[in-house]
Amino acid sequence: MRMRSGHFVMADEGWPGCAKSLKGVILDMCGVLYDSGEGDGVAIPGSIEAVRRLKESDLQLRFCTNETQATREKFVAKLQRLGFDISASEVFPPAPAAIAVLKDRSLRPHLLVHDGLLPEFDGVDKTNPNCVIIGDAAEYFSYQNLNEAFRVLIGLEKPVLFSLGQGKYYKETDGLKLDVGVYMKALEYACDLKAEVIGKPSPTFFQSVLNDMGLQSHEALMIGDDLLNDVGGAQHCGMKGVQVRTGKYRPSDERHPTVMADGTVDNLAQAVELILNQRRR
Amino acid sequence: MAGRRALKAVLIDLSGTLHVEDMAVPGAQEALNRLRQASVAVKFVTNTTKESKRNLLERLQHLNFDLQENEIFTSLSAARSLLEQKQHRPLLLVEDSALEDFTGIDTSEPNAVVIGLAPDHFNYQTLNKAFRMIVDGAPLIAIHKARYYRRKDGLALGPGPFVTGLEYATDCRATVVGKPEKTFFAQDARDDVGGAQNAGMLGILVRTGKYREGDENKISPPPHLTCDSFPDAVEHILQNLL
C-alpha cells in the first residue's frame, strides 16, 4: 500500500476491483467460449455476447488455447460457425509456437498428434526425427502409436519430448476425457526424462501473447476453466487469473491446496459483466 | 570379496532371466538343475501379468525347466488376494490369458480398477473409462509399474507409464501390489535389483531380457554383480556364495 497526500492507494487490488486498471484480457477457449463434443460443439450460453462486449470496450483481447486437435485455421473457422467474432491473428495455440522452437533448435519431430493437427506441420522436416512432439491426440493415443513414440525417444542419445500443454483432462459434451498431460507423464516415466511444455502454463507461451498485446503482465487478466494451467499459469507470470464454473471446472477447484484463483465466476458472461461494471465507475 | 554370505534362498525372476518369450536363455535349464542340487531353497518370482500361473508353468516346463506351481509367486496372485481382502469388484485391465487367475471374483458393476500388462486395453476409450471410475472414487490397483519390457520386435511400454498417467489425471496414488522387493535375478535394474539391494539382499543383474548397457550404473548401491546371463550367475553363486 502506498500513501499519497493522506490517501491510501492500493498498489495491488484484488478481483473484481483490479479490472479498473486492466489494459487487456486473455481468454481460454474450450470450456470458456464453448464445450467441445459432437460436430462443432456447443457455445456456452452468454459467451458470444461476452466476447462482443469485450471487443467493443477499450480492452485489448486475445485468445490463448491449448487446442491441438485441429489447425488454427480450421479451429477459428469452427468458432466463427458457432457465432463468435474472432480471427486467427488473435488466437494463440501451441502448434505454431512449437514449430518456431523446432526451427530455432534445428529439431526434426516424430509427431504423436491428432490427425487434424498434421497439416500445421506440413512444411516441417520430419525425416530422421531427433525429438517427439505430443499433442491432444485423443483416440490416436493408441498403444501402438504411443509405443512408436516411446521407441523413438528411447533410441535417441539425447531424447527430447515436447508436450503441447500438460492438461490432465477436459470436458466434452459426453463427459471428461484424458488430456495430453497424462500421456506426457506416461512417456516421462517410461523414458525417465522431463518433457518441455509448449503452451499453457509455460511462461514463455503467456509472454508471447503479452508481447503481441504490448502489455506487461500486471496489466492483463486471464480467464479460464483450468485452475492449474489457465489460472495458475497466468498468476505465475504476474497476471491475475479468474476461473469460470463452466467446462472442466470442479467444485473441489475452489479448495485447491496450491492454487487460489483471484476470482471465481459462474461463466464468461458474468466475468465480463463484472469487469465492465468496474470500468464504468 | 569382503565377507562370505551363506545363502539360504535364491529368488529367480522369470521373463528375461530364464526365458525370453518362447525361447529359453541358453544353458538356463542346466544351471537351474545345478542350483537345485545345492543346499538353497529356490523360488520363482515374476511380474509377468500377461498369463496365468498355469500357462506360465506349462510354458516353462515345455522349455524343460524343472519347477512346480507352488514355487511360483506371481503378482497376479498377490492382486487377487488384495481384491478378496477388500471385497472389491474390479475392472480388470489385464491380458485375457491372465483372467484365469481371477476366476470367481465378481466383476459386475466394478468399483475398482486393476491394471496389469494389457496392451490391448491401453487404448483411449478404455483408459478414459478407468479414469472416470477413479474420479468417482474407485481405487487404482497396479499389479506392478514396470516401465517397459522386451518383446521379440523390440522394447514395449509396460503398465507403469499408464498407471503414472492415471495417477496424474486423478491426483490419486495407485496401490502397487506384486513383485516382492526381494529379488535376486532380474534384468530391469531400477525395479528389481535396486529393490533387492535396498532390502538388504544381494541383487545380481543379468544382461538378458530388457537389460540395457549402463543399467548397472543406474541403481544405488550398484548390484552385487552383473553377469552375462543366468548360468553365469549360478556359477558365481555356487563358487562364492554358499
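Residues numbered from 1 in each chain as written. Chains lettered and ligands numbered in written order. Predicted model: local features only at pLDDT ≥ 70, side-chain atom pairs only at ≥ 80, totals over all residues. Heavy atoms only, no water.

Visitor: How do you make sense of the domain arrangement of chain A when you look at a structure like this?
Guide: When the parts of a complex come together, some accessible area is lost, and that lost area is often used as the size of the interface. Residues and elements named next belong to chain A. You can read the domains of chain A as domain 1 (20-93 + 200-280) and domain 2 (95-197). Between the C-alpha centres of domain 1 and domain 2 there is a distance of 24 Å. Taken together, the contact between domain 1 and domain 2 spans 20 residues of the former and 23 residues of the latter. Buried area between domain 1 and domain 2, summed over both chains or domains, comes out near 1,800 Å², and the portion from carbon and sulfur atoms is 52%. When the area that domain 1 buries against domain 2 is broken down by residue, the three leading residues are Thr68, Gln69 and Lys248, summing to 35%. Remark: the boundary between domain 1 and domain 2 carries one salt bridge. We note a salt bridge from aspartate 35 to lysine 171, for which the minimum N-O separation is 3.5 Å. Our count for the contact surface shared by domain 1 and domain 2 stands at 10 residue pairs in polar contact (both at pLDDT 80 or more). Its residues assigned to classes, the side of domain 1 that touches domain 2 comprises five nonpolar, nine polar and six charged. (Domains from an automatic or database assignment. Contact = heavy atoms within 4.5 Å. Buried area = accessible area lost by both parts, 1.4 Å probe. Salt bridge = Lys/Arg side-chain N within 4 Å of Asp/Glu carboxyl O. Polar contact = N/O pair within 3.5 Å; in protein donor to acceptor, adjacent residues only side chain to side chain. Nonpolar A, V, L, I, M, F, W, Y, C, P; charged D, E, K, R; others polar.)

Visitor: What should I look at first to understand the sheet that holds strand S11 (residues 175-176) of chain B in this one?
Guide: Think of a sheet as strands paired side by side through backbone hydrogen bonds, with each pair either parallel or antiparallel. All names here are of chain B. The four strands lie next to each other as S6-S7-S8-S11, forming an open sheet whose pairing is parallel. Each end of this open sheet is capped by a strand with a single partner; those strands are strand S6 (90-93) and S11. By the bridge criterion, four bridges tie S6 to strand S7 (residues 112-115) in an arrangement that is parallel. Along S7, the bridge assignment pairs leucine 92 with valine 114. (Pairing = 2+ DSSP bridges. Helix = DSSP H or I, 4+ residues; strand = E, 2+ residues; numbered from the N terminus.)

Visitor: Looking at this structure, I do not really get the interface of chain B and chain A. What am I missing?
Guide: Opposite the 30 residues of chain B that make contact, chain A presents 30 residues. On the chain B side of the contact with chain A, Tyr124, Leu157 and Tyr168 of chain B bury the most area, a combined 31% of that side's loss. Between chain B and chain A we count two salt bridges in total. Of the charged contacts in the structure, one is a salt bridge between aspartate 171 of chain B and lysine 168 of chain A, with a shortest N-O distance of 2.9 Å.

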